[in-house]
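The lines below spell out each chain.
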Amino acid sequence: MKHLTPDKVQSLETLTRQIMEENDARGIAVGITDAEGNILYEHYFGWRDAEKRLPINRDTIFGMASVTKSFTALSIMQMQQAGILSVDDPVKDYIPEFTNKNQKDLVKIRHLMCHSGGYFPLPRIVVDKTAQEMRIEDSLENELIYRDDFADEGIRRVAERLDNQTRFTGRPGQRLSYCNDGFGLLSDIVRRHSDCSSFAEYLDRHILKPLGMNRSNISFIRNTLDENAAVLYYKKDGVWRGDHDYQNDAFVLHGGGGMKSTLGDMLKYAAMYLNEGCGANGVRIIDRYSIQEMCKPRQLMKPRVYYGYGLESSLLGDMTVIEHGGSLPGVSSNFSFSTQAGVGIVVLCNTMDVPVYAISEMAMRICCGLPAEDVWLFGHPRKWTEEEKQELIGEYVSGEGEQFALTLDEDGELRMSVKGKPVPLEGAYPWLGVVRKKYTDVYLTAVRDEEGHVIGAQYGSRIFPKM
């Protein structure tokens, strides 16, 4: 590719090494493909096992975390194409445990696909704790991902908890707040109403095997035992740990983050999107219309970035880039593609909280013929009005364990602290502020009710209720 000149590649690799050093990343895999499946670039940094100095290759398994959401949305769109369901159908028609009881409007399938069901963040219901309470264990002979009793218990817990919410971010479809449980419900719709007996089987039969993604799955134990699976590195209580626990912090329902894959397989997946539903091997798994529907901007995430069905979209110059990232203990992942540029990019890392999206963005900028560094500036700083200050001050607490506070200092200026630590929040537009970070900006947007009172604030991709 003409834009992948040696100097541009060197810039990309310099950034990758810089990010690795800054974040104690143990291993990163970077790959670029075209629509024909030709691998234009691949490079492996660090190790899949840093202690044993074992290298990464094209078949090394990494966790995908929330990149899984695109697979879940793709499954739903396949089922819609097959006439099994419509994304306009109410969720309760397919999940009887979910009754929609405290919301006046119906939550529809499409609302869950773009995180607009109206739910505030909730604590994670995880695989290992649920299995322990059920007194069952994962095994190669009887994997949790195929067990009906485990899936039935998972959907009961998740649906019941969503139904019990009495405060909402807004009406279904009104605004985005990232909701992993919603994608859990979607994967259970696939389990119950497709031609397969589990979500895992559906993915394997309808997406992975047709695309030749033979090293990909949503298993836990198989990847834990795989000799070419990356060790997962994460911090716990301030101490770095490394293990093969692919079940760590995993959702009890797998549609939000259960996928594991490799650089080679994910490049095949990216090529399918470049061909609007047809793999580079010539196998079409879905029609163009459905892929286009997935990529449409439907909910604003932050300035320049929208969420569609399991995918984000943004403009890079005059080109549209579609992507999704993921984060779990021992997992930082990102895949992106641009049909206009004709490339798909995959960046996988076996260390938590590494900004691999910055590597992906630089690679895409290079492939689009743009400067390697983003020179876009965010408007002009502005003063918060007195109304904004008085409405915004307060505590904001997420059910996922995060929290922040907005207070007034001695000069009457709005200040932000996250878990007690000060954060430099700037006013940007009415009811919207920005926290500038090295590789990305994080936005804070007031969420107001019909009377104009602040009921919460979106920080990043989540809406935090005001306490």
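A short tour of the structure in this document, coming up. Worth saying up front: this structure is predicted, and the values here are computed from it rather than measured. (Residues numbered from 1 in each chain as written. Predicted model: local features only at pLDDT ≥ 70, side-chain atom pairs only at ≥ 80, totals over all residues. Heavy atoms only, no water.)

**Points about unusual backbone geometry**
Of note, the phi angle at aspartate 237 is positive, near 55°, even though the residue is not glycine. Position of aspartate 237 among the secondary structure elements: in the loop between β4 (232–236) and β5 (239–243). For aspartate 237, a relative accessible area of 70% gives the class exposed. Backbone geometry at aspartate 249 places phi at a positive 65°, although glycine is not the residue there. Checked against the element boundaries, aspartate 249 lands in the loop between β5 and β6 (260–261). Overall, aspartate 249 belongs to the partly exposed group, its relative accessible area being 29%. (Helix = DSSP H or I, 4+ residues; strand = E, 2+ residues; numbered from the N terminus. Buried < 20%, exposed > 50% of the residue type's maximum accessible area, 1.4 Å probe, protein only.)

**Comments concerning the packing of helix α2 (residues 68–81) against helix α9 (residues 263–274)**
It is the contact of α2 with α9, at a shortest axis distance of 13 Å, that shows an interaxial angle of 45°. The orientation of α2 relative to α9 falls into the category oblique. Both α2 and α9 take part in a crossing whose hand is left-handed. Note on element contacts: α9 touches α2 through Met266, Tyr269, Met272 and Tyr273, opposite Ser70, Phe71 and Leu74. Taken together, the residues that form the contact of α2 with α9 break down as six nonpolar, one polar and no charged. (Axes fitted to C-alpha atoms, helices over the stretch in contact; angles between N-to-C directions. Parallel < 35°, antiparallel > 145°, perpendicular 65-115°, else oblique. Left-handed = near helix turned anticlockwise from the far one by under 90°. Contact = heavy atoms within 4.5 Å. Nonpolar A, V, L, I, M, F, W, Y, C, P; charged D, E, K, R; others polar.)

**Here's the deal with the nonpolar core**
Counting residues in hydrophobic clusters, the biggest one holds 91 residues, and the most contacted among them are Phe71, Leu74, Ile109, Tyr269, Tyr273 and Phe335. Per-element accounting of this core gives the leading share, eight residues, to α9. Those residues in contact with isoleucine 109 that sit more than four places away from it in its chain are Ile76, Leu85, Ser86, Val87, Asp89, Val91, Tyr94, Leu186 and Ile189. Of all hydrophobic cores here, the second largest spans 31 residues; its members include Ile28, Val321, Met364 and Cys368. (Core = buried A, V, L, I, M, F, W, Y, C linked by side-chain atoms within 4.5 Å.)

**Side note on the side chain of serine 360**
Looking at where serine 360 falls in the secondary structure, it is placed in helix α11 (residues 356–367). What makes serine 360 buried here is its relative accessible area of 2%. Polar side-chain contacts of serine 360 include one of 3.1 Å to the side chain of serine 336. Residue contacts for serine 360: discarding those within four places in its chain leaves Asn334, Ser336, Ile345 and Val347. (Polar contact = N/O pair within 3.5 Å; in protein donor to acceptor, adjacent residues only side chain to side chain.)

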